[in-house]
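A look at the structure
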Amino acid sequence: MSNDPKQRIFSGMQPTGSIHLGNYLGAFRNWVKLQDEYDAIYCIVDLHAMTIDYDPVDLERARIEAAKVLLALGVDPDRSLLYAQSQVPEHAELAWILGTLTPMGVLNRMTQFKDKTSAGHASNLGLYSYPVLMAADILLYRANLVPVGDDQRQHIETTRDLAERFNNRFGDIFPIPEPYIPTTSARVMSLTDPTAKMSKSDPQIRATVGLLDDPDIIRKRIRSAVTDSDPVVRYDTEAKPGISNLLEIMAGCTGRTIDSLVVEYGDGGYGAFKDAVAEAVVEELAPVKAGYTSITNGDVRAVLRSSGDRAREMVKPYQAEVHNAVGLKAY
Ligand code: AMP
Ligand code: TRP
């Protein structure tokens, strides 16, 4: 047996909008799974949520809700940290330091900034430097692996790039983190427009399945998912994006391969296939709602408080090492 310490994983979620099936299949399911094998740190990234217009009262509600959903999914605060980013000021401080190493050209190429500003969000400095804060989140804890959905690929690339720039300039301090992205359902698409990602901020409620939705709502949403008019169930993201999305969702919920689903449902018509997808989703999400209602807001606050305290302690020696390396020795 090896005596090597466990490798570390870090991931974050924004406390905005309502948490959906894409978040679960793309990321949170892996957060729960990887706790056995890794030293896991999970963060409600409230500072990131401030980069688009928000309501302070709602931010507090959303932080609690996000943490409660993660606890209901099985994030275990005895083994993993679950806290809010603003509880550990070093996130913002490291972001400043990394910002001094970030070329403007790198940020100008970030697709999320372009997407958000073209969707009408104001282009403030926080939104522009969002990827630098995300890199700081990950590097602050020296994480090796980052479980996320496919939409975060570019951000992880930037994190790796900044870690390398830092190490080259100041010495080998940061491990270069790897993304951990599922092979199926890493990018769950909208149910009303299967060419767009399922998104927390989608104003069209029918586009998403919420993790806490009632079974009848889930069935209705899946049954009314936009598909095409050719009745054959097969995987083809160009010609049949809606059906391909439902195949990914069902594969994600059942652990079956897309090929085996195509063999079973290929010629049976869309109605029967959609019913089967709906039942698979209902079954997969049933325990989440039950867990969620049994956790109180007080329980959640206690977890955040104690994890936040532990996180603050954990980063002190790391940040001291960074300070020394960059020329900010303590007096
Ligand atoms: P966010 O909703 O942006 O806070 O994302 C939280 C996590 O869910 C991140 O790891 C995202 O990559 C992942 N995620 C968000 N939307 C989707 C989606 N439609 N499909 C798969 N993963 C997603
Ligand atoms: N940008 C991520 C998202 O929108 C959230 C996030 C912030 C994150 N910091 C992180 C994810 C660090 C992984 C690691 O989903």
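In this report, we go over the structure that sits alongside the text. The model shown is predicted, which means the values in this text are computed figures rather than measured ones.

**Considerations on the pairing of strand β3 (residues 81–84)**
Burial along β3 is two-sided: Leu-81 and Tyr-83 facing one way and Leu-82 and Ala-84 facing the other are all buried. Alignment of strand β2 (residues 39–44) against β3, held across four bridges, turns out to be parallel. Looking at β3, one finds that Cys-43 is bridged to Tyr-83.

**Considerations on the packing of aromatic side chains**
The full count for this structure, using the stated rule, is eight aromatic pairs. Here Phe-28 and Trp-31 contribute two aromatic rings whose centre-to-centre distance is 4.8 Å and whose plane-to-plane angle is 70°, an arrangement assigned as edge-to-face. Taken as a pair, Phe-28 and Trp-31 lie in helix α1 (residues 21–34) at a separation of three residues, close to a single helical turn. The burial state of Phe-28 is the same as that of Trp-31; both residues are buried. Judged by centre distance (4.7 Å) and plane angle (55°), the ring pair of Phe-166 and Phe-174 falls under tilted. This pair shows no difference in class: Phe-166 is buried, exactly as Phe-174 is.

**With respect to the pattern of salt bridges**
With the rule as written, the count across this model stands at 25 salt bridges. Between Arg-142 and Glu-321 there is a salt bridge, and its shortest N-O distance comes to 2.8 Å. Pair noted here: Arg-142 is in the loop between α8 (130–140) and β4 (145–147) and Glu-321 is in helix α14 (residues 297–326), with a separation of 179 residues, a long-range link. Look at Arg-142 and you get buried, because its relative accessible area is 12%. Across the salt bridge formed by Arg-223 and Asp-275, the nearest N and O atoms sit 2.6 Å from each other. Taken together, the positions of Arg-223 in helix α10 (residues 215–223) and Asp-275 in helix α13 (residues 270–293) put the pair 52 residues apart, joining distant regions of the chain. For Arg-223, a relative accessible area of 44% gives the class partly exposed. Since its relative accessible area comes to 33%, Asp-275 is described here as partly exposed. Sharing partners across several salt bridges, the network here consists of Asp-36, Asp-76 and Arg-79.

**Here we look at helix α11 (residues 241–254)**
Its 14 residues place the ends of α11 20 Å apart at the C-alpha level, agreeing with the 20 Å of an ideal helix rising 1.5 Å per residue. Burial analysis of α11 places twelve of its 14 residues in the buried class, which makes it a mostly covered element. Among the residues making up α11, those that are buried are Gly-242, Ile-243, Ser-244, Asn-245, Leu-246, Leu-247, Glu-248, Ile-249, Met-250, Ala-251, Gly-252 and Cys-253. Its buried side turned inward, α11 meets α1, α10, α12 (258–265) and α13. Gly-255, located one to two residues past α11, shows a positive phi value of around 80°.

Rules used in this analysis
- Residues numbered from 1 in each chain as written.
- Chains lettered and ligands numbered in written order.
- Predicted model: local features only at pLDDT ≥ 70, side-chain atom pairs only at ≥ 80, totals over all residues.
- Heavy atoms only, no water.
- Buried < 20%, exposed > 50% of the residue type's maximum accessible area, 1.4 Å probe, protein only.
- Helix = DSSP H or I, 4+ residues; strand = E, 2+ residues; numbered from the N terminus.
- Pairing = 2+ DSSP bridges.
- Phe/Tyr/Trp six-rings, centres within 6.5 Å; stacked < 30°, edge-to-face > 60°.
- Salt bridge = Lys/Arg side-chain N within 4 Å of Asp/Glu carboxyl O.
- Expected span 1.5 Å × (residues − 1).
- Contact = heavy atoms within 4.5 Å.

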